[in-house]
Amino acid sequence: NYVPDFQSLSARSWQAYTESEIAQLVIHNYLLWTIGTGLKLKSEPAKSIIQNEGIKFDASQFINLTESRFNLFINSTRSTNTRVKTFNQLAYEAVKHAIISGDVLIVLDYGREEEKNKSVSARMIDGYYVQSPLNSINPNNGNQIFSGVEINKYGEPVAYWIILDDMTFQRVDAYTKTGTRQAFLVHGLEYRVDYYRGMPLLSAVLDTMKKLDRYKEATVGSAEERAKITWFVEHAQYSTGEDPIQKLKVAAGRGADAGTEQITNTL
């Protein structure tokens, strides 16, 4: 029964990503091909259920309005908490962190205090900071905390614990008071059923990548050294195997220029 050290795996994966151009090339190409590549919201309301509830509405108008509002939302920086990235850019970073770190926590903030019109904005917290406090049991409700994820008696994640810079912990509820989802983990690789944290996709190839880096450095280094030599000696079938260059060195050391021409003709 392997017990993964999620923080150590995350640190090693980030080191491999930082030092290996192979890892960066593969991950960046995967993200470019999947995030923000023309996927659009297709609103398809369940008309029969809505009509059964006695609600009358124009389906075509509802679909056009919903899709237009969503497209406006994801292309605006107001969709993210920092007001720097758009929703698609945040999704790109979230998937990248999930692949490398193992998981990343997404928190949906429903409106800011200084805003009159409350709107939803998303923020991302690196999974490295999702850690359990010293007491793995929440004293207020008796829930167990597994690697920063608080689980109720039904096995449902109800909160996440974040370690702050001053070494204190902040509890983030997974649901609002009305039952709306506001925090969840995006996993890179799920380990086992009873593990609520994700594992980095690079964890299985960390040692292999180190060997590839050493092989690459050795190959490039030897090629560089060979490139410095502008000539080489090739022996014929019945050659004695003597090194004619050695004769040149001996002649140069003795100052015998007379034999240089003969040795050069031999080469």
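Heads up: these notes are all about the structure in this document. Just so it is clear, the structure is predicted and the values come from calculations on it, not from any experiment. (Residues numbered from 1 in each chain as written. Predicted model: local features only at pLDDT ≥ 70, side-chain atom pairs only at ≥ 80, totals over all residues. Heavy atoms only, no water.)

1. Observations concerning the overall build of the chain
Stage number 1. Of regular secondary structure, the chain possesses eight helices and nine strands.
Stage number 2. For a compact globule of 267 residues, the expected C-alpha radius of gyration is about 18 Å, and the chain comes in at 32 Å, more than 25% above that figure.
Stage number 3. Expressed along its principal axes, the backbone C-alpha trace of the chain runs to roughly 110 × 50 × 40 Å.
Stage number 4. When burial is assessed residue by residue, the chain has 29% of its 267 residues classed as buried.
Stage number 5. Restricting the contact set of the chain to residue pairs at least 6 apart, pairs at least 24 apart contribute 50%.
Stage number 6. Total accessible area computed for the chain in this model is approximately 18,500 Å², and 55% of it derives from carbon and sulfur atoms. (Helix = DSSP H or I, 4+ residues; strand = E, 2+ residues; numbered from the N terminus. Rg over C-alpha atoms; globule rule 2.2 N^0.38 Å. Buried < 20%, exposed > 50% of the residue type's maximum accessible area, 1.4 Å probe, protein only. Contact = heavy atoms within 4.5 Å. Areas by Shrake-Rupley, 256 points an atom, 1.4 Å probe, with all protein chains shown as cover.)

2. Details of the sheet that holds strand 2 (residues 120-126)
Stage number 1. Across the sheet, three strands lie side by side as 2-1-7; this open sheet has antiparallel pairing. Whereas interior strands pair on both sides, the edge strands pair on one side only; in this sheet they are strand 2 and strand 7 (183-187). Going across the sheet, the axis of each strand differs from the next one's by a mean of 25 degrees, ignoring polarity. (Pairing = 2+ DSSP bridges. Axes fitted to C-alpha atoms, helices over the stretch in contact; angles between N-to-C directions.)

3. A word on the sheet that holds strand 4 (residues 149-151)
Stage number 1. In spatial order, the strands read 3-4-5-6; together these four strands make up an open sheet with antiparallel pairing. Looking at which strands have only one partner, the edges of the open sheet turn out to be strand 3 (144-146) and strand 6 (169-173). Going across the sheet, the axis of each strand differs from the next one's by a mean of 30 degrees, ignoring polarity.
Stage number 2. Sheet topology places strand 5 (residues 157-163) next to strand 6; five bridges connect them, and they run antiparallel. Considered in strand 6, the bridge of Trp-161 is made with Arg-171.

4. Description of the pairing of strand 1 (residues 103-110)
Stage number 1. Counting buried positions along strand 1 gives seven out of eight residues, so the element sits mostly inside the fold.
Stage number 2. In this sheet, strand 7 lies alongside strand 1 in antiparallel orientation, the contact comprising five bridges. Across the sheet, Val-104 pairs through a bridge with Val-186, a residue of strand 7.
Stage number 3. Bridge analysis of strand 1 against strand 2 gives seven bridges, and the strand direction is antiparallel. Residue pairing for strand 2: Leu-108 is matched across the bridge by Ala-122.

5. Structural notes on unusual backbone geometry
Stage number 1. Positive phi values are uncommon outside glycine, yet Arg-83 reaches one of about 60 degrees.
Stage number 2. Here Ser-147, not a glycine, exhibits a phi torsion of approximately 50 degrees, which is positive.
Stage number 3. You can see Ser-147 is positioned in the loop between strand 3 and strand 4.
Stage number 4. Judged by relative accessible area, Ser-147 falls into the partly exposed class, the value being 23%.

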